[in-house]
Amino acid sequence: MKKLNLFFSLLFVAAALCAATVTEPAELPDYYAAVAGQKNDNLFNAIHTIANNGFKQLSYNGLWTAYEETDLYPAGHANAGKIWDMYSKCSFTYSTNQCGTYSAECSCYNREHSIPKSWFCSCTTGMGADLFHLVPTDGKVNGKRGNYAFGEVASATYTYDNSKLGSAKNVTITNTVLGSSFTTSSVPGTVFEPDDEYKGDFARGYFGTMIKWTTVYTMSSGDGAWFFNNTYTEAGHFGLADYGIALLMKWHRQDPVSQKEIDRNNGIQATQGNRNPFIDYPYLAEYLWGEKAGETVLLEELLGSFDAEFIPGVSNGHRVA
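If you're wondering where the values come from, they're calculated on a predicted model, not measured in any experiment.

Below, the discussion takes up the overall build of the protein chain. Scanning the protein chain from N- to C-terminus turns up 10 helices and 10 strands. Taken along the three principal axes of its C-alpha coordinates, the protein chain extends 70 × 50 × 35 Å. Counting across all 321 residues of the protein chain, residues that qualify as buried make up 52%. Accessible surface for the protein chain amounts to roughly 13400 Å². Of this, 52% is attributable to carbon and sulfur atoms. One finds the centroid of the 23 positive side-chain charges in the protein chain at a distance of 7 Å from the centroid of its 33 negative side-chain charges.

Written as structure tokens, this is what we have:
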């Protein structure tokens with residue numbers, strides 16, 4: 001019995017050593033101190049360094065376990081303890097409803113590369129297993145999405161809950177590096193449009209994932225070329241193609257950081273070790289691709305999603321009106 005108790009004690013210690021520490025809200029301004037006073041390439045590089053801070057590689061199979069920390073509905077919600085799927089409103093039980101195979105919507109959930117794997121590699125390590133863009137989704141809806149780019153649907157050929165697949169419409173954006181008013185032709189052919197509730201989540205997932213992996217992958221194969229250009233400098237719009245800037249900044253602005261994202265960011269740090277700077281300080285995106293492009297970051301003007309006065313789903317992260 002003593003040996004058995006020792007065995008379980010060692011397991012507990014090993015698990016504690018493997019678990020990452022979640023940065024306390026009061027410490028996050030220091031965590032991001034390197035962005036203060038930076039602009040353009042220096043700002044991008046500072047955010048890139050922070051996005052790598054503490055990262056530890058999870059296995060592709062390890063994502064199933066991580067989702068218990070990152071993607072369950074919270075206590076008090078009608079679906080408390082169930083998997084939180086951003087492609088459908090299906091109710092999935094953690095672990096027992098993993099795909100496998102599916103026959104219809106709500107059969108099971110899988111590990112969705114919101115940045116399709118075919119755009120950057122066939123890998124299941126590195127970016128291929130990064131929680132910031134790998135989310136649990138309904139297997140059937142994910143199968144319909146396939147490798148199609150995100151976009152806004154003009155005429156749907158498939159809908160389920162609030163997700164749509166169909167022909168694309170143009171995207172218009174104002175006050176970005178593309179100009180005061182810019183309209184871009186959308187991806188030719190078919191696009192996938194998620195629920196409005198999660199569009200900002202996916203945009204910030206794209207921002208945070210891209211800025212972390214800039215020195216490792218090119219991301220512009222297939223429809224990825226509509227989002228990424230692999231030139232991570234001011235002249236290259238910091239890795240984003242025109243359509244990527246227009247769509248992602250539009251979604252980022254329309255759907256501010258929610259409590260779900262705040263909790264998921266903390267859960268990812270607890271499992272994968274790093275944080276997404278565009279969830280903690282959402283207004284940083286404006287200094288790279290938006291209305292503050294080319295200006296120097298004043299950290300005291302940024303409102304973090306961890307600050308007491310930040311209103312989830314409402315605040316844009318700028319402290320000065």
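Taking strand neighbours across the sheet as the criterion, the 4 strands line up as S5-S10-S7-S6 in an open arrangement whose pairing is mixed. Each end of this open sheet is capped by a strand with a single partner; those strands are strand S5 (149–150) and strand S6 (153–160). When strand S7 (residues 163–168) meets strand S10 (residues 190–193), the two strands line up antiparallel, connected through 4 bridges. Paired with glycine 166 across the strands is valine 191, a residue of S10.

Glancing now at the environment of alanine 66. Residue placement: alanine 66 occurs in helix H4 (residues 62–70). By relative accessible area, alanine 66 is classed as buried at 4%. In this structure, the C-alpha to C-alpha distance between alanine 66 and leucine 131, residues 65 residues apart in sequence, is 8.4 Å. Those residues in contact with alanine 66 that lie beyond four places of it in its chain are Leu58, Leu131 and Thr271.

Inspection of every chain in the model, using the stated rule, returns 27 aromatic pairs. Look at phenylalanine 150 and phenylalanine 192: their rings are 6.3 Å apart centre to centre, the planes differ by 35°, and that puts the pair in the tilted class. Taken together, the residues phenylalanine 150 in strand S5 and phenylalanine 192 in strand S10 connect sequence positions 42 residues apart. Each member of the pair, phenylalanine 150 as well as phenylalanine 192, carries the same accessibility label: buried. Ring geometry for phenylalanine 227 against phenylalanine 228: centres 6.2 Å apart, planes inclined by 45°, an arrangement best described as tilted. Members of the aromatic cluster, each reached through a chain of ring pairs, are Tyr87, Trp119, Phe150, Phe192, Phe202, Tyr206, Trp226, Phe227, Phe228, Tyr243 and Trp251. Residue placement shows arginine 145 over the ring face of phenylalanine 150; its charged tip is 4.2 Å from the ring centre. Seen from the ring of tryptophan 84, lysine 260 lies directly overhead, with NZ or CZ sitting 5.2 Å from the centre.

This next bit is on the pattern of salt bridges. Enumeration according to the criterion identifies 13 salt bridges in this entry. Between glutamate 193 and lysine 164 there is a salt bridge whose closest N-O contact spans 3.8 Å. With a gap of 29 residues between them, glutamate 193 in strand S10 and lysine 164 in strand S7 connect regions that are remote in the sequence. Accessibility expressed as a relative area gives 29% for lysine 164, which makes it partly exposed. Arginine 204 is the partner of glutamate 261 in a salt bridge, and the nearest nitrogen-oxygen pair spans 2.7 Å. With glutamate 261 in helix H8 (residues 259–272) and arginine 204 in helix H6 (residues 199–212), this pair connects stretches of sequence that are 57 residues apart. Summarising the burial analysis for this pair, glutamate 261 and arginine 204 share the class buried. Within the structure, one salt-bridge network assembled from shared partners comprises Lys164, Glu193, Asp196 and Lys199.

Chain-level statistics for the protein chain give a pLDDT mean of 92 and a share of 94% at 70 or above. Counting interchain partners and residues more than four positions distant, the pLDDT-below-50 stretch residues 1–17 has 0 contacts.

So, about the packing of helix H3 (residues 40–52) against H6. Remark: H3 packs on H6, axes separated minimally by 8 Å, with the N-to-C direction vectors making an angle of 95°. As the angle between them shows, H3 and H6 are arranged roughly perpendicular. From H3, Phe44, Ile47, His48, Ala51 and Asn52 reach across to H6, where they touch Met210, Ile211 and Lys212. Residues of the contact of H3 with H6, tallied by class, amount to 5 nonpolar, 2 polar and 1 charged.

To continue, consider the nonpolar core. The biggest cluster of nonpolar side chains holds 67 residues, and the ones touching the most others in it are Phe227 and Trp289. No other element matches the 7 residues that helix H7 (residues 242–254) contributes to this core. Ignoring any residue separated from it by four or fewer positions in sequence, one finds tryptophan 289 in contact with Thr176, Val177, Phe207, Met210, His237, Phe238, Leu240, Ile245, Met249 and Phe278. Membership of the second largest hydrophobic core comes to 19 residues, among which are Leu63, Phe132, Ile268 and Ile279.

Here we come to the pairing of strand S3 (residues 109–113). A large share of S3 lies buried, amounting to 5 of its 5 residues. When S3 meets strand S4 (residues 134–138), the two strands line up antiparallel, connected through 5 bridges. From the neighbouring strand, arginine 111 faces S4, where its bridge partner is proline 136.

Scoring rules and cut-offs
Residues numbered from 1 in each chain as written. Predicted model: local features only at pLDDT ≥ 70, side-chain atom pairs only at ≥ 80, totals over all residues. Heavy atoms only, no water. Helix = DSSP H or I, 4+ residues; strand = E, 2+ residues; numbered from the N terminus. Buried < 20%, exposed > 50% of the residue type's maximum accessible area, 1.4 Å probe, protein only. Areas by Shrake-Rupley, 256 points an atom, 1.4 Å probe, with all protein chains shown as cover. Lys, Arg positive; Asp, Glu negative; His and termini not counted. Charge placed at Lys NZ, Arg CZ, Asp CG, Glu CD. Pairing = 2+ DSSP bridges. Contact = heavy atoms within 4.5 Å. Phe/Tyr/Trp six-rings, centres within 6.5 Å; stacked < 30°, edge-to-face > 60°. Lys NZ or Arg CZ within 6 Å of the ring centre and 35° of its normal. Salt bridge = Lys/Arg side-chain N within 4 Å of Asp/Glu carboxyl O. pLDDT = per-residue confidence, 0-100. Axes fitted to C-alpha atoms, helices over the stretch in contact; angles between N-to-C directions. Parallel < 35°, antiparallel > 145°, perpendicular 65-115°, else oblique. Nonpolar A, V, L, I, M, F, W, Y, C, P; charged D, E, K, R; others polar. Core = buried A, V, L, I, M, F, W, Y, C linked by side-chain atoms within 4.5 Å.

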